[in-house]
Amino acid sequence: MSLTRVIERLLQLIPVLLGVSLIVFIMMAFTPGDPVDIMIGDQNVSAEQEAAMRRDLGLDRPIHERYVIFLGNAVQGDFGQSFYHRRPVSEVIVERLPATIELTLVALLIALFTSIPLGVIAAIKKNSWIDRSATVFSLLGVSLPGFWFGILLLMVFAVHFNLLPVSGRISYSNQVEPITHFLLIDTLLRGRLDAFWEALKHILLPAITLGLPMTAILTRVTRTSMLEVLRQDYVTFAEAKGLSRRKVMFRHALKNALIPTVSVAAIETGSLLGGNMIVETVFGWPGLGRLVVESIFVRNYPLVQAAVLFYAVTYVMLNFTADILYTKLNPRVKL
Amino acid sequence: MTTSFKPLRTGRPKFDPNSIFWRNMQTFANNRLALFCAFVVLLFVFISIFAPWIAPHDPNETDLFRRLQPPAWKDGGTWAHVLGCDALGRDILSRIIYGSRVSIFIGAAVILVATTIGTLAGLAAGYLRGWVDTVISRVVDILLAFPYLIFAIGLMAMMGPGLGNIILALAYKEWVIPCRVVRGETLATREQEYVEAARALGASDRHIMLKEILPNILSPVVVVSTIRMAHVIILEASLSFLGLGVQPPTASWGAMVADGRAFILESWWVSTFPGVAILLLVLAINVASQGLRDAFDPRFQQ
């Protein structure tokens, strides 16, 4: 795939992103509850002051002008002020981002390292008890509501066995000076193994909860594609050549079987973004998802707007990456 | 031109046990597990319809003497309140029974609205092509760019809570899925000979879309909508869990799980049982719809 094709595909994203920004803008522009009223609250403000605030926020302009201004500001990363924090929205979001990214990545790792072996073994030992349990597991994984599964894990591992913490990223006594803002990395860089261990214990349950649906889906995808590959002539041929089964599996079959897994994983990483809100709420994880949920209840709309836009753009970029990965890995598909 | 066209088929087709539809239904009926799960789903529907007669108590009746009363088989539990009581002393079993109404009604309503809109839009895009297709496909692309739950949360933040608003918030994006399926099937079907024959006989576009193409692409639509139903029920429960769903005191499973969060140290039953109800219903729908898909989609028949 040539570079020009990639650029062409990137250009095709522009109308989609414009549409996304328009929808997000409309969503918030028609939200009941006037932002100026919310900012004023119960303070005493004269009509002139109120009009001035309205002018400052650009709320006195016609709606299409407001969209153009919103878009122009958004491109520069300016989403206005968070009413609640009295700071720029982008600043608040950036602050919460590392916690969410760290959680998402650990969930992704857990999903990949569980689903691939499970799917491969299920395919190799088709119809065995392992295969059947893998099928039941993937069915359960997509049927379990994440918020409930998280609470169950808390009840068992945090409350009943008292093995893992109930909420948060790390305890106050173990805070470390941030470098990357990813606690698992920072604690290691500072040489604080005890703090690393604690951060790991904090992230385990939320990451398992977040990664469960993805693990279930990837297990099924890996199993199906592995079964398909095992039926191919070149695998039979490799076996006929007298290669060991292990060699056939790992050097020939697995490499091709993982193509769909990788691209589905990229797409599903996007749906982890939605799961973040639920999981962060259940586990009191101080990330972006929980911030969005809290912001809705205090009517901090600029923040909700920016976050929804941020999630959507990330999602589009992940899907784009999935497309590119798929074509890169699979020479038979032409973009 | 359109007036001269008379459809060849008159009246309803007679019952034919050898038709593809009935053969597929038989394949489905042979799948014992799927059949059982379909039965479980129907049982949930039955419970939700007849909730006032089935529920042992008023779901909103509070009694602080029964606050956090454990289930019957635990110390302090009584058989009058089999699954125990919540923090306001309300009977959990009765609330689960009434809560099934919210889940099933919203699930069914969203799927019905989304499937109708999606099917019509997909037919129009796939059959008419041209600018209609361009516009619909662009809108679909844009809606697909939003993670589902985040889109619904944004809409709920904007519209405020309420039954109608949840249905709208979920249907706004859900119609995209049947739309894509129908568009694809229509694109393949519009080149078939019988469609061409109808066109040659002077049938109107509307007639071709609704009378010729639609009946022939209905089974994938039905399969997809049953699979999606499970998804929508989880989404509704997630919104309720976050406090953006049906508002209290109306019992909904997601909100009941959320209520119990504060008591997981002592009273595990408050959160656990509503979650079991969600899991059972969603699992049953998933297995039954997979059975339907295996029976109706030739690509899955081996």
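Residues numbered from 1 in each chain as written. Chains lettered and ligands numbered in written order. Predicted model: local features only at pLDDT ≥ 70, side-chain atom pairs only at ≥ 80, totals over all residues. Heavy atoms only, no water.

1. Concerning the overall build of chain A
A count of helical and extended segments in chain A gives 13 helices and 2 strands. Projecting the C-alpha coordinates of chain A onto the three principal axes gives extents of approximately 90 × 55 × 40 Å. Expressed as a percentage of its 335 residues, the buried residues of chain A come to 44%. Sequence separation of 24 or more characterises 71% of the internal contacts of chain A that already satisfy a separation of 6 or more. For chain A, the accessible surface area stands at approximately 17,200 Å², while carbon and sulfur atoms represent 63% of it. For chain A, the distance from the average site of its 30 positive side-chain charges to the average site of its 25 negative ones is 16 Å. (Helix = DSSP H or I, 4+ residues; strand = E, 2+ residues; numbered from the N terminus. Buried < 20%, exposed > 50% of the residue type's maximum accessible area, 1.4 Å probe, protein only. Contact = heavy atoms within 4.5 Å. Areas by Shrake-Rupley, 256 points an atom, 1.4 Å probe, with all protein chains shown as cover. Lys, Arg positive; Asp, Glu negative; His and termini not counted. Charge placed at Lys NZ, Arg CZ, Asp CG, Glu CD.)

2. Quick word on the overall build of chain B
Counting its secondary structure elements, chain B contains 12 helices and 0 strands. When the helices and strands of chain B are placed in sequence order, the string is α-α-α-α-α-α-α-α-α-α-α-α. The dimensions of chain B, computed from C-alpha atoms along their principal axes, are 75 × 45 × 35 Å. Looking at the 302 residues of chain B, the share that counts as buried comes to 52%. Looking at chain B as shown, the accessible area adds up to about 15,000 Å², and 64% of this sits on carbon and sulfur atoms. Taking the 25 positively charged and 21 negatively charged side chains of chain B as two groups, their mean positions are separated by 6 Å.

3. Quick look at the domain arrangement of chain A
Residue and element names in this part refer to chain A. Each assigned domain of chain A is listed with its residue range as follows: domain 1 (3–75) and domain 2 (97–329). Here the C-alpha centre of domain 2 lies 34 Å away from the C-alpha centre of domain 1. Between domain 1 and domain 2, a total of about 1,300 Å² is buried, with carbon and sulfur atoms accounting for 84% of that surface. Counting across the interface, domain 1 meets domain 2 through 1 salt bridge. Remark: the boundary between domain 1 and domain 2 carries 1 residue pair in polar contact (both at pLDDT 80 or more). The set of elements that each furnish at least two residues to the side of domain 1 that touches domain 2 consists of helix H1 (3–29) and helix H4 (63–75). By residue number, the principal contributor to the side of domain 1 that touches domain 2 is H1, which donates 11 residues. (Domains from an automatic or database assignment. Buried area = accessible area lost by both parts, 1.4 Å probe. Salt bridge = Lys/Arg side-chain N within 4 Å of Asp/Glu carboxyl O. Polar contact = N/O pair within 3.5 Å; in protein donor to acceptor, adjacent residues only side chain to side chain.)

4. Considerations on the packing of aromatic side chains
For the structure shown, the criterion picks out 11 aromatic pairs over all chains. Geometrically, the ring pair formed by phenylalanine 25 of chain A and phenylalanine 70 of chain A is tilted, given 5.5 Å between the ring centres and 35° between the ring planes. Note that phenylalanine 25 of chain A is positioned in helix H1 and phenylalanine 70 of chain A in helix H4, a separation of 45 residues in sequence. Using a relative accessible area of 7% as the deciding quantity, one classes phenylalanine 25 of chain A as buried. An aromatic cluster of at least three residues, connected via ring pairs, comprises Trp73, Trp268, Trp269 and Phe273 of chain B. Lying over the aromatic face of tyrosine 127 of chain B, arginine 190 of chain B brings its terminal NZ or CZ to 5.5 Å of the ring centre. (Phe/Tyr/Trp six-rings, centres within 6.5 Å; stacked < 30°, edge-to-face > 60°. Lys NZ or Arg CZ within 6 Å of the ring centre and 35° of its normal.)

5. Describing helix H11 (residues 245–282) of chain A
All names here are of chain A. With 38 residues, H11 ought to run about 56 Å at 1.5 Å a step, yet its terminal C-alpha atoms sit only 45 Å apart, falling short of that. The axis of H11 is deflected most strongly, by about 45°, at leucine 254. Note on H11: the residue one or two positions beyond its end, glycine 284, has a positive phi of about 55°. (Expected span 1.5 Å × (residues − 1). Bend = angle between axes of the 7 residues up to and from the residue.)

6. Observations concerning the interface of chain B and chain A
How big an interface is tends to be stated in terms of the accessible area lost upon association of its parts. Taken together, the contact between chain B and chain A spans 39 residues of the former and 42 residues of the latter. A combined buried area of about 3,500 Å² lies between chain B and chain A, and 82% of that area is made up of carbon and sulfur atoms. Taken as a group, Ile150, Met158 and Ile264 of chain B account for 18% of the area that chain B buries against chain A, more than any other trio of residues on that side. If you look at where chain B meets chain A, you find 0 salt bridges. Counting across the chain B and chain A interface gives 4 residue pairs in polar contact (both at pLDDT 80 or more). Mapped onto the side of chain B that touches chain A, the elements with two or more residues apiece are helix H5 (130–144), helix H6 (148–159), helix H10 (205–241), helix H11 (253–260) and helix H12 (269–296) of chain B.

7. Observations concerning H6 of chain B
Think of an α-helix as turning once every 3.6 residues; residues three or four places apart then point the same way. Its 12 residues give H6 of chain B an end-to-end C-alpha distance of 16 Å, which sits within 8% of 16 Å, the value for a rise of 1.5 Å per residue. Positive phi shows up at glycine 160 of chain B, right after H6 of chain B, with a value of about 85°.

8. Details of the pattern of salt bridges
If you walk through the whole model with that rule in mind, you get 18 salt bridges over all chains. One salt bridge connects aspartate 194 of chain A with arginine 192 of chain A, and the closest N-O pair in it is separated by 3.4 Å. Overall, aspartate 194 of chain A belongs to the partly exposed group, its relative accessible area being 45%. Here arginine 66 of chain B ties to aspartate 63 of chain B by a salt bridge, and the two come within 3.2 Å at their closest N and O atoms. Note on arginine 66 of chain B: relative accessible area 14%, which makes it buried.

9. A word on the nonpolar core
In terms of nonpolar packing, the biggest core is built from 153 residues, with Val20 and Phe147 of chain A together with Leu170 and Leu239 of chain B touching the most fellow members. The element that contributes the greatest number of residues to this core is H12 of chain B, accounting for 15 residues. Taken domain by domain, the makeup of this core includes at least three residues from each of domain 1 (3–75) and domain 2 (97–329) of chain A. Among all residues touching leucine 170 of chain B, those that are not within four sequence positions of it are Ile106, Val110, Tyr148, Ala152, Val232, Leu235, Glu236 and Leu239 of chain B. (Core = buried A, V, L, I, M, F, W, Y, C linked by side-chain atoms within 4.5 Å.)

10. Observations regarding the environment of leucine 10 of chain A
All names here are of chain A. Looking at where leucine 10 falls in the secondary structure, it is placed in helix H1. Its relative accessible area of 35% is what places leucine 10 among the partly exposed residues. For the pair leucine 10 and alanine 134, spaced 124 residues apart in sequence, the C-alpha to C-alpha distance is 38 Å. Each residue touching leucine 10, except ones within four places of it in the same chain, is listed here: Met317 and Phe320.

11. Side note on the packing of helix H5 (residues 89–124) of chain A against H11 of chain A
All names here are of chain A. Where H5 meets H11, the axes come as close as 8 Å, and the angle between the chain directions of the two elements is 145°. Read as a crossing pair, H5 and H11 show a hand that is right-handed. From H5, Thr100, Leu103, Thr104, Ala107, Leu108, Leu112, Ile116, Val120 and Ile124 reach across to H11, where they touch Arg245, Met249, Leu254, Leu258, Thr261, Ala265, Thr269, Leu272, Asn276, Val279 and Glu280. Per-class residue counts for the contact of H5 with H11 are 13 nonpolar, 5 polar and 2 charged. (Axes fitted to C-alpha atoms, helices over the stretch in contact; angles between N-to-C directions. Left-handed = near helix turned anticlockwise from the far one by under 90°. Nonpolar A, V, L, I, M, F, W, Y, C, P; charged D, E, K, R; others polar.)

12. Remarks on a nonpolar patch on the surface
Together, Leu3, Ile7, Leu11, Ile14 and Leu18 of chain A make up a nonpolar patch on the protein surface, roughly 480 Å² of accessible area in all. Turning to its location among the elements, leucine 18 of chain A is positioned in helix H1. (Patch = residues over 30% accessible without salt bridge, like charges linked within 9 Å, V, L, I, M, F, W, Y side chains within 5 Å.)

13. A few points about unusual backbone geometry
Residue proline 249 of chain B is reached from proline 248 of chain B by a cis peptide bond, and omega for that bond is 10°. Relative to the assigned elements, proline 249 of chain B resides in the loop between H10 and H11. Not every positive phi belongs to a glycine, and histidine 181 of chain A is a case in point at roughly 70°. Looking at the element boundaries, histidine 181 of chain A is found in the loop between helix H7 (146–160) and helix H8 (183–189).

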